[in-house]
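# Coordinate inspection notes
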Amino acid sequence: MNAREQWGTRAGFILAAVGSAVGLGNIWRFPYVAYEGGGGAFFLPYLFALLTAGIPLLIMEFTIGHKYRGSSPLSYSRINKKAEWIGWWQVLISFVISTYYAVIIAWAMSYSVYSFGLQWGGDTEGFFMEGFLQRVDLVAENGSIGSFGGFVPAILIPLILVWVITLGVLFKGVKRGIELANRIFIPTLVVMFILIVIRAVTLDGAIDGVNAFFKPDWGAIFEPGVWVAAYGQIFFSLSIGFAIMITYSSYLSKKSDINNNAFIAGFSNSSFELLAGIGVFAALGFMAAQMNVPIDEVVASGVGLAFVVFPEIINTFPGLNTTFGVLFFGSLVLAGLSSLISIVETYVAAAQEKFNISRKKAVAFGGGLSALVSLVYATQGGLFFLDTADYFINEFGVALAGLVSVVAVAWFLKLLPSLQSYANEVSDIKIGAWWRVCLGIITPVVLGWMFLQNLMTNIQ
Ligand code: PHE
Ligand code: NA
């Protein structure tokens, strides 16, 4: 066996971890979750979740990868043979996420192109649901493969492009692939997004939007659901519980810092969320002012925000519409790609180690399989499948993946004390008993509650 691959620099690792964390969740999920969860008041549960679960779990995963030097299944099996399935469970969830995450990035690519000449027209919802998604048939109505105006430009070419880029990067390996890609993507993304925010906050009505976002509804912090939402956001947003951070940290050199890196990654991701919250609500404030309606009527998240509301905002934009559109959808593409790369790497690394094959073979098989599966969402019923997968991941996947690993590590494997001293040995910042309390008690209780609550609402 060759020596394990390694990051070239510390900054390279941090950029890759931040690249994984900063994704669609920051741009289209956080602003909405925060607004619904009490606006300015949401920052209390949010920061609490970041400090009691987000960063502690990041430290735990970084330490496991750093110490056991393997993909998630291999690391867990080195801890204890019986724990290997935890890694596979995380890898499976990552696989599912990757198949639909890729499709959304492909849509954003199409929409970057549609920004030229505002090709979505005046009825942006109709265009997305019918003009765009309906053209996403593998086979057009007349039985032939869609013409150039149909299926091909709508989804197939961008989807292939997404996979070519992702698998191409992974093919190149850790240093010259993943690290290099993130070195390019992340600074570019930050510059593009800052431009968007600057433009957005200077629009008419932007201030009202931003005010609506920050206006605290203190009553919200007495609702358990808001706390659950904060934890859910932190887990998804930091990509923890999905085998990713274990895999990435397994490529650290022996002497690398753990704790400090976790704080840097955690706070960078949250800074990006805050920035996105301001940008998105400034744009929504502008839209509400144009339509002369209260902000509540234009607030949206997810697919609706990105592919229906934003095109509408871009339509009414005072000049440079295309530039703004390209910047917005381009940001989605870059944020998405850097996350997708990290998700796919979890099963590439796992397959490589489990079957003792080369990275290139693992990329071809693992990546090829997910690329094929992602075509399912490119069919007529695609949006339905995508919604279903996304729903289950958010309702159960996030809580279960985190819960299983944290309970196993803290309570069954009783690993916290040894991980703590391992992390402290290589790190500038030292972690203490609070870290064990967060992981051993607070996080399992919240995640367990979150899981049960979601189960109950789904059974009803
Ligand atoms: N953290 C990414 C985001 O905020 C999403 C993601 C979740 C990526 C799970 C990988 C795994 O969008
Ligand atoms: Na994120």
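Rules behind the numbers
Residues numbered from 1 in each chain as written. Chains lettered and ligands numbered in written order. Predicted model: local features only at pLDDT ≥ 70, side-chain atom pairs only at ≥ 80, totals over all residues. Helix = DSSP H or I, 4+ residues; strand = E, 2+ residues; numbered from the N terminus. Rg over C-alpha atoms; globule rule 2.2 N^0.38 Å. Buried ≥ 20, exposed ≤ 12 C-beta atoms within 10 Å, placed from the backbone. Contact = placed C-beta atoms within 7 Å. Axes fitted to C-alpha atoms, helices over the stretch in contact; angles between N-to-C directions. Parallel < 35°, antiparallel > 145°, perpendicular 65-115°, else oblique. Left-handed = near helix turned anticlockwise from the far one by under 90°. Near = placed C-beta within 6 Å. Nonpolar A, V, L, I, M, F, W, Y, C, P; charged D, E, K, R; others polar. Arc of directions from axis to C-beta. Expected span 1.5 Å × (residues − 1). pLDDT = per-residue confidence, 0-100. Core = buried A, V, L, I, M, F, W, Y, C linked by C-beta atoms within 7 Å.

## Let's talk about the overall build of the chain
- Regarding its fold elements, the chain presents 18 helices and zero strands.
- Taking 2.2 N^0.38 as the reference for a compact globule, 460 residues should give roughly 23 Å; the C-alpha atoms of the chain span a radius of gyration of 22 Å, in line with that estimate.
- Along the three orthogonal principal directions, the C-alpha set of the chain runs to about 60 × 55 × 45 Å.
- Going through the 460 residues of the chain one by one, you find that 53% of them count as buried.
- If you take every contact in the chain between residues at least 6 apart in sequence, the share linking residues at least 24 apart comes to 84%.

## Considering the packing of helix α8 (residues 174–201) against helix α12 (residues 259–291)
- Viewed as axis vectors pointing N to C, α8 and α12 meet at an angle of 40 degrees, and their least axial separation amounts to 8 Å. When the axis of α8 is compared with that of α12, the two are oblique. When you trace α8 past α12, the crossing you get is left-handed. Contacts between α8 and α12 pair Phe193, Ile196, Val197, Ala200 and Val201 from the former with Leu275, Ile278, Gly279, Ala282 and Ala283 from the latter.

## Describing the site of ligand 1
- What surrounds ligand 1 is a group of 15 residues, the closest being Gly23, Gly25, Ser237, Ser239 and Ser339.
- Where the shell around ligand 1 is concerned, the elements lending two or more residues are α1 (10–21), α2 (24–36), α10 (224–237) and α14 (321–354).
- Grouping the amino acids of the shell around ligand 1 by side-chain chemistry returns seven nonpolar, eight polar and no charged.

## Notes on the packing of helix α4 (residues 72–79) against helix α5 (residues 84–114)
- Between α4 and α5, whose axes approach to 6 Å, the crossing angle comes to 165 degrees. As the angle between them shows, α4 and α5 are arranged roughly antiparallel. Note on packing geometry: the crossing formed by α4 with α5 is right-handed. Side by side, α4 and α5 meet where Ser72, Pro73, Ser75, Tyr76 and Ser77 of the first sit next to Glu84, Ile86, Gly87, Trp88, Gln90 and Val91 of the second.

## Section: helix α6 (residues 124–132)
- Every buried residue of α6 is accounted for by Thr124, Phe128 and Phe132. Projected down its long axis, α6 shows its buried positions confined to an angular sector of 45 degrees, all on one face.

## Notes on α1
- The terminal C-alpha atoms of α1 lie 17 Å apart, and with twelve residues this matches the ideal 16 Å at 1.5 Å per residue to within 8%.
- Burial of α1 is extensive: nine of the twelve residues sit out of reach of the surface.
- Against α8, α10, α11 (244–249), α12 and α14 lie the buried residues of α1.

## Considerations on the confidence of the model for the chain
- For the chain, per-residue confidence averages 91 on the pLDDT scale, and 94% of positions sit at 70 or higher.
- Counting contacts from residues 136–153, a segment whose pLDDT is below 50, to residues more than four positions away or on other chains yields 29 contacts.
- Two numbers describe this predicted complex: its pTM, 0.93, and its ipTM, 0.96.

## Details of the nonpolar core
- The biggest cluster of nonpolar side chains holds 160 residues, and the ones touching the most others in it are Leu58, Ile59, Val103, Ile105 and Tyr231.
- If near-sequence neighbours (up to four positions away) are discounted, Ile105 is found in contact with Val162, Val333, Gly336, Leu337 and Leu340.

## Some points on the environment of Leu238
- The topology assignment puts Leu238 in the loop between α10 and α11.
- Residues in contact with Leu238, not counting those within four places in the same chain, are Ala21, Gly54, Leu58, Gly266 and Asn269.

## Things to note about unusual backbone geometry
- With phi around 55 degrees, Asn356 is a residue other than glycine that occupies positive phi space.
- By the secondary structure assignment, Asn356 is in the loop between α14 and α15 (359–374).
- If you check the backbone angles, Lys414 has positive phi at about 50 degrees while not being a glycine.
- Structurally, Lys414 can be placed in the loop between α16 (382–412) and α17 (416–426).
- Assessed through the 11 C-beta atoms surrounding it within 10 Å, Lys414 is described here as exposed.

## A closer look at the environment of Ile240
- Within the secondary structure layout, Ile240 lies in the loop between α10 and α11.
- Considering only alpha carbons, one finds Ile240 and Gln90, 150 residues apart in sequence, at a separation of 9.7 Å.
- The residues contacting Ile240, other than those within four sequence positions of it, are Gly54, Leu57, Leu58, Glu61, Phe235, Met245 and Gly402.

## Description of the environment of Gly87
- Structurally, the position occupied by Gly87 is in helix α5.
- Sequence spacing of Gly87 and Ala401 is 314 residues, and the spatial spacing of their C-alpha atoms is 9.4 Å.
- Excluding anything up to four places from it in sequence, Gly87 contacts Ser71, Ser72, Pro73, Ser75, Tyr76, Ala243 and Ala350.

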